[in-house]
Every structure is written in C-alpha cells, then in structure tokens.
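Single-letter residue listing:
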Amino acid sequence: MADQGITPRSEDYSRWYLDVIAAAELIDSSPVRGSMVLRPHGYAIWEAIRADLDRRFKETGHVNAYFPLFIPQSFLSREAEHVEGFAKECAVVTHHRLRAAEGGGVEPDPAARLEEPLVVRPTSETIIWHMYGRWINSHRDLPLLINQWANVVRWEMRTRPFLRTAEFLWQEGHTAHATRAEAEEEARRMLGVYRDFCVETLAIPVLPGVKSASERFAGAEDTYTIEAMMQNGWALQAGTSHFLGQNFARAFDVTFQNEQGEREYVWATSWGVSTRLVGAAIMTHSDDTGLVLPPRVAPIHVVLVPIWRGASQKAQVLDFARRVGAALSRRFSVEIDDRDNMKPGAKYFEWERKGVPLRMEIGPRDVAKNSVFCKRRTGGDKFAIEVGDLGEAFLDAVGRELDRIQAELLARATALREARTFRVEDYAEMKARISEEPGFYLVPWHDDAEAEAAIKAETRATIRCFPLAGQEEARGRRCFYSGRPATHMAVFARAY
RNA sequence: CGGGGAGUAGCUCAGUCUGGUAGAGCAUCGGCUUUGGGAGCCGAGGGUCGCAGGUUCGAAUCCUGUCUCCCCGACCA
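The structure displayed is predicted, hence computed values, not measured ones.

K.L.:
Kindly report on the confidence of the model for chain A, identifying the contributing residues and their values.
P.N.:
Segments scoring low in pLDDT should not have their predicted coordinates read at a detailed level. Considering every residue of chain A, the mean pLDDT works out to 94; 99% of them sit at 70 or more. Model confidence for the complex: the whole-complex pTM is 0.96, and ipTM, which rates the interface, is 0.91.

Listed below in structure tokens is the structure:
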C-alpha cells in the first residue's frame, strides 16, 4: 500500500475530499470523462443507503418497477420546459451496429443508423408517463405509486466524484394521483421520508424547503428540497421532490374517468436521491485522518485487530478473535484483520482511513481478561468491553457504542450547521461576509428572479430554498436586498 | 465549453530545458526475523514513458492532434 497522505481540510478542502475518497478506495475514475467506477467499498455504502430507503418507500406504499434506459428522442420534446432543462446534457444513441474501419478499429455502420435516435435517460418522466397513459383509465387505477432504482446520464460540463458525475445511480419515484391536493401531499410526504433518512441513517441534518422558480426542476410546478451543509459551509442539495401538476399528464395525454364519469388529467409527482448522498456523507463526517461513516451505512461496523508475540500467543489470540468475530457477526458486519505481514499500528491507520466506526484490539492481555480493547473512529480514549459468554449482553454493549458514534456524528454536524447559519438583515453584510464565512444566510426576501441572478453574479451565492418552517417570520419585514415587503424567508449559500 | 496545471512501475515522483534506448522511495512477490499506533535484513519481479501522428540515424525528451484527471469560471442532482 502506498503512502496515503491526506491533505488537511484547512489547507485545501477540495483536495481533501478527493484524497479521502482515494485513500478509502471508494471509487476510481474510468476512461470516460465524468463516469466513475464504484469500487466494492464505495458501492457497499450505496447498497446500505438503497436498502434503507427501499424499506422506507415500501412502508409508504410504493412498489418498484423498471423502465428502459433508452427513450425515443421525440419523447423529450413533449413537455416544453422539460426539454429545455435537459436537452443540453443528453447522450444520444444513433446507430445499432459497428463495422471495421479503414486503417483498423471500428466505427458506427452508416447502414445501421437508427430511424429515430434514442436518448439515454437523464431522468424518466417521459417514458414513464408514456406508459402511465396506457395503465391509467379510471380513478380506481389511482394512486399509482412506483419507484425505480436505475442509472441515468447527464452530460455534465464539470464533474466531481459522487457529487456530480456524468452517469450516476439513483432512485426515481413517479406517482399519479386523482387530485392536486393528494399529489402535493405525496411530494411533501416523500420529502419527509428523505429528511428522516438523512437524519436517522446518514446522520446529516438537512433543511427542508421549497426551491425558487430559477432552481425548480424542469417541468415542475413546485420543487421541494432538503439542503445539507458541508464542513466548508457550502450547501449540497441532498434530495428533491417535485409536484408536477398536470404538466406531464397533458404532454402524454394521461387522463382518468372520475367518480362522476368525467375525464380529468392526472396529477403527478416525482422524487429522487442519488449516489450524491454518498458524497454528502463523506463530506459531512470525514476528518483529516480519512473517511468517517455513520455506522448505519458503514460496510464494516467493527474491525478486529489481533495482536500477538510468538506462535503460541498467535494461536491463542486468533482463536479468541475468531470466536468474538463469530459472535459479533450475528448482528454486525465484522472484519478480522489477521494479516501477519503488517504491524497493528499500520492496520489501525488503514481501517481509520477506510472509515470503520469501531475497532477492537485483541491481544494476550485481553484474552486473559475476557475483554476487547476498543476505539471509536470518532475519537476518545480506548476502553475495554467485557465479552462475557459472547451473548446478547456483549452484542448490546457493542451496539450501544455504534449508536453512540451515530449520535455523535449527527450532533457534530448539527452543531456545525447551527454555528454557520447566519440571520442577516441587509445584503451588504452578506456580501461582505459570505466569502470568509460560508454558510446558510437566512434572510427576508421579496421574490424576484432578476434580483436573485444579480446576487448570484456578485456573491456566487444562490437561494438554496425557502425553508418550510418559519415562513411566518417574513410577515411585516423588508427584503434584505430590495427593501420591498418580504414575501419569503430565504436561505442563501454557496452550493455544490 | 473557456482559462490554467498535470499524465513516466500499484502509489509519490526524478529524468524532458540540452534527443542516445528508463531510475528512486514506498508498495508487491520469496525467505528469515517481527507484531499493544505507520517494522528490519537479504533477494526477486514489474514500465510499448496516456494515446495517435510527425521530425530525426535515433524520441519519455522536439512538433501537431487527441483523451483523461485536477483547479478556476459559465451549466447542472
């Protein structure tokens, strides 16, 4: 293993993020610009996220399905705003066969040009609503609550591992409802599911809110968001949920017969989170030593490092470690690092880099005391846990340590966000501070797209959202920019 | 897509200016010795110098093109 120097956050935050990812062997770059290879340790984090969310989706009545990767080009033009939003970043398939090229290699066979080009999905509203048109006839077919786990492609100009890649993994929920109220409720319900997931599972505090018109999803009437704050004070949109009105129903002519026998357009929502969440977790919790992961998504919960001197100790220590490991495996994901070509200290550094929440050192002294010597990835002194008869009491004790780590991470992230959330009354103050003190700037705001654009040009900060909570504070106040009566409370921040 | 930087062994890099046929440390493999916070000794393997053209007797080195990565912008989950 090469030297895994990690640039300190204080020196270069972007570099630090890339170093952490490389040192933990989460991803590798691929030969194609902007597409990343998810290595086993990185993919395992996504698998944990997916398993947890999938359970939450099913608990709220959704079912999974799978729609095709390829979308007929003509579908993208059906909804005017939608095409405008995505046209610039679509990959298009034009041929279905290669042939040998002159001078070696291969090239698309001109004789195999597709009659209609196929777009690699940047999102699936169009093909899904095409299908919904065939499935929905009566109010008895509604609501239709479908989710899919898939990859999508958006040909981004600038990419960043996990946070923005040309191809990424995500889930997209697409629901159809009989009434506006029901669809709006669904969009908000799923935002709540995302919020709960981020807080409970990823230990990331998030701010739920509504997007301003300029940040709204292409084709949506309302876009809801959860905004997270990274350690450098920048905002990251961690998930979105859209109330799509009847836009896609009209574009794809999806109607249903209501109880009075009248035909009506269907009301829609869509909502998604992506592998960006892995990046959010990394950026929120990791430190200058390397990756830190919340136990609930850590691929390995506990690593056991046996320590011995001489062959007889080795046999004794390994036997004990394996019995402890077997017991822990009943409830946790466990790794026993019995490599004999590495000293214990080197192993500690390696597992810390990889973000394993809890380490147990097992040497002759621990065997004699029937305990394990533990260290939490979040810090603190080493401490012993009695293993007893390797029963439930031991597992409970280990579980409490993991819960404690989970809670510590959430508390730290919450404290950082609170320390970096600023209430500001006038624009000059934000403009002066935001470079040196990046964070969430909560301000009274008179909604105005031009003013928003002007602020972005001057400060590079954008409206991340109008928080769902606390909008009543805007009443009777003046916009921090224009002085006009405030229509909203807005959060401005630099964003990824 | 514009501006800047970088691609040489698994990793970090030297060699490029001044063209002469590839090097170090770490990692890897074998052996011995080690193991409570980044081990030591001995030996070995490993590179069409990102790729494609060009100049030249000869190219990692000079020229042109191209791809990928990183940083800064504009665009975006």
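K.L.:
Go over the sheet that holds strand β17 (residues 302-306) with me, naming the residues and quoting the values.
P.N.:
Read from one edge of the open sheet, five strands run β18-β17-β19-β20-β21, paired in mixed fashion. Since the sheet does not close on itself, it has two edges, and those belong to β18 (334-336) and β21 (383-386), each with one partner. When the angles between neighbouring strand axes are averaged without regard to direction, this sheet yields 30°. Examined bridge by bridge, strand β19 (residues 358-362) and strand β20 (residues 371-376) share four bridges and lie antiparallel to one another. Its bridge partner lying in β20, Arg-359 is registered against Lys-375. Against the sheet, helix α9 (residues 311-328) contacts β17, β18, β19 and β20, and its axis sits at roughly 170° relative to β17. The strands touched by helix α12 (residues 392-419) are β17, β19, β20 and β21; relative to β21, the strand with the most contacts, the crossing angle is about 145°.

K.L.:
Summarise the pattern of salt bridges; cite the residues concerned and give the values.
P.N.:
Counted under the stated rule, the structure contains 41 salt bridges. Of the charged contacts, one joins Arg-9 and Asp-288 as a salt bridge, the two residues approaching to 2.8 Å between their closest N and O atoms. Residue Arg-9 is located in the segment before α1 (13-23), and its partner Asp-288 is located in the loop between α8 (276-285) and β17; the two are separated by 279 residues in the primary sequence. In this structure, Asp-338 engages Arg-322 in a salt bridge whose closest nitrogen and oxygen atoms are separated by 3.2 Å. Here the residue Asp-338 occupies a position in the loop between β18 and α10 (344-353), and Arg-322 occupies one in helix α9, the gap between them amounting to 16 residues. Using a relative accessible area of 43% as the deciding quantity, one classes Arg-322 as partly exposed. Within this structure, Asp-52, Arg-55, Arg-56, Glu-59 and Glu-200 form a network of salt bridges that share partners.

K.L.:
Describe the nonpolar core, and please don't skip the residues or the numbers.
P.N.:
By size, the foremost hydrophobic cluster in this structure holds 52 residues, and its most contacted members are Leu-26, Ile-49, Phe-162, Leu-202 and Ile-282. Elements that contribute at least two residues to this core include exactly α1, α2 (40-59), α6 (180-200), β11 (206-210), β12 (222-229), β13 (235-245), β16 (267-274) and α8. With eight residues, α6 is the largest single contributor of residues to this core. Apart from residues lying up to four places away in sequence, Ile-49 is in contact with Phe-197, Leu-202, Leu-277, Val-278 and Val-297. Membership of the second largest hydrophobic core comes to 29 residues, among which are Phe-75, Leu-142, Ala-176 and Ala-249.

K.L.:
Which residues make up the protein's contact with RNA strand B, and what values go with them?
P.N.:
Inspection of the region around RNA strand B gives 46 residues, with Arg-158, Arg-164, Arg-276, Arg-309 and Arg-460 positioned closest. Among all atoms of RNA strand B positioned within 4 Å of the protein, those belonging to sugar or phosphate total 48%. Taking Gly-34, its main chain carries an N or O atom lying 2.8 Å from a phosphate oxygen of RNA strand B. In this structure, Met-157 approaches RNA strand B through a main-chain N or O atom, which is 3.4 Å from a base nitrogen.

K.L.:
Let's hear about the domain arrangement of chain A: which residues, and what values?
P.N.:
By the assigned domains, chain A splits into domain 1 (13-97 + 111-285), domain 2 (300-408) and domain 3 (421-493). One C-alpha centre belongs to domain 1, the other to domain 2; they are set 40 Å apart.

K.L.:
Talk me through the packing of α9 against α12; I want residue IDs and the actual numbers.
P.N.:
With their axes 10 Å apart at the nearest point, α9 and α12 run at an angle of 75° to one another. With respect to α12, the element α9 is oriented roughly perpendicular. Here Val-324, Ala-327 and Leu-328 of α9 lie close against α12, whose contacting residues are Phe-394, Leu-395 and Val-398. Of the residues that constitute the contact of α9 with α12, the class distribution is six nonpolar, no polar and no charged.

K.L.:
Report on α1, specifying residues and quantitative values.
P.N.:
Listing the buried residues of α1 in full gives Tyr-13, Trp-16, Tyr-17, Asp-19, Val-20, Ile-21 and Ala-23. Of the surrounding elements, those touching the buried residues of α1 are β1 (27-29), α8 and α10. Its side-chain oxygen at 3.3 Å from the backbone nitrogen of Ser-14, Asp-12 defines the N-terminal cap of α1. Taken from the residues just after α1, Glu-25 is the one with a positive phi, measuring 55°.

K.L.:
Report on the sheet that holds strand β8 (residues 113-120), specifying residues and quantitative values.
P.N.:
Strand order in the open sheet formed by three strands is β4-β8-β5, and the pairing between neighbours is antiparallel. Whereas interior strands pair on both sides, the edge strands pair on one side only; in this sheet they are β4 (70-72) and β5 (92-95). Strand-to-strand twist of the sheet, defined as the mean angle between neighbouring strand axes without regard to direction, takes the value 40°. Across three bridges, β5 lies against β8 in antiparallel orientation. Paired with Val-93 across the two strands is Leu-118, which belongs to β8.

Calculation rules
Residues numbered from 1 in each chain as written. Chains lettered and ligands numbered in written order. Predicted model: local features only at pLDDT ≥ 70, side-chain atom pairs only at ≥ 80, totals over all residues. Heavy atoms only, no water. pLDDT = per-residue confidence, 0-100. Pairing = 2+ DSSP bridges. Helix = DSSP H or I, 4+ residues; strand = E, 2+ residues; numbered from the N terminus. Axes fitted to C-alpha atoms, helices over the stretch in contact; angles between N-to-C directions. Contact = heavy atoms within 4.5 Å. Salt bridge = Lys/Arg side-chain N within 4 Å of Asp/Glu carboxyl O. Buried < 20%, exposed > 50% of the residue type's maximum accessible area, 1.4 Å probe, protein only. Core = buried A, V, L, I, M, F, W, Y, C linked by side-chain atoms within 4.5 Å. Near = heavy atom within 4 Å. Polar contact = N/O pair within 3.5 Å; in protein donor to acceptor, adjacent residues only side chain to side chain. Domains from an automatic or database assignment. Parallel < 35°, antiparallel > 145°, perpendicular 65-115°, else oblique. Nonpolar A, V, L, I, M, F, W, Y, C, P; charged D, E, K, R; others polar.

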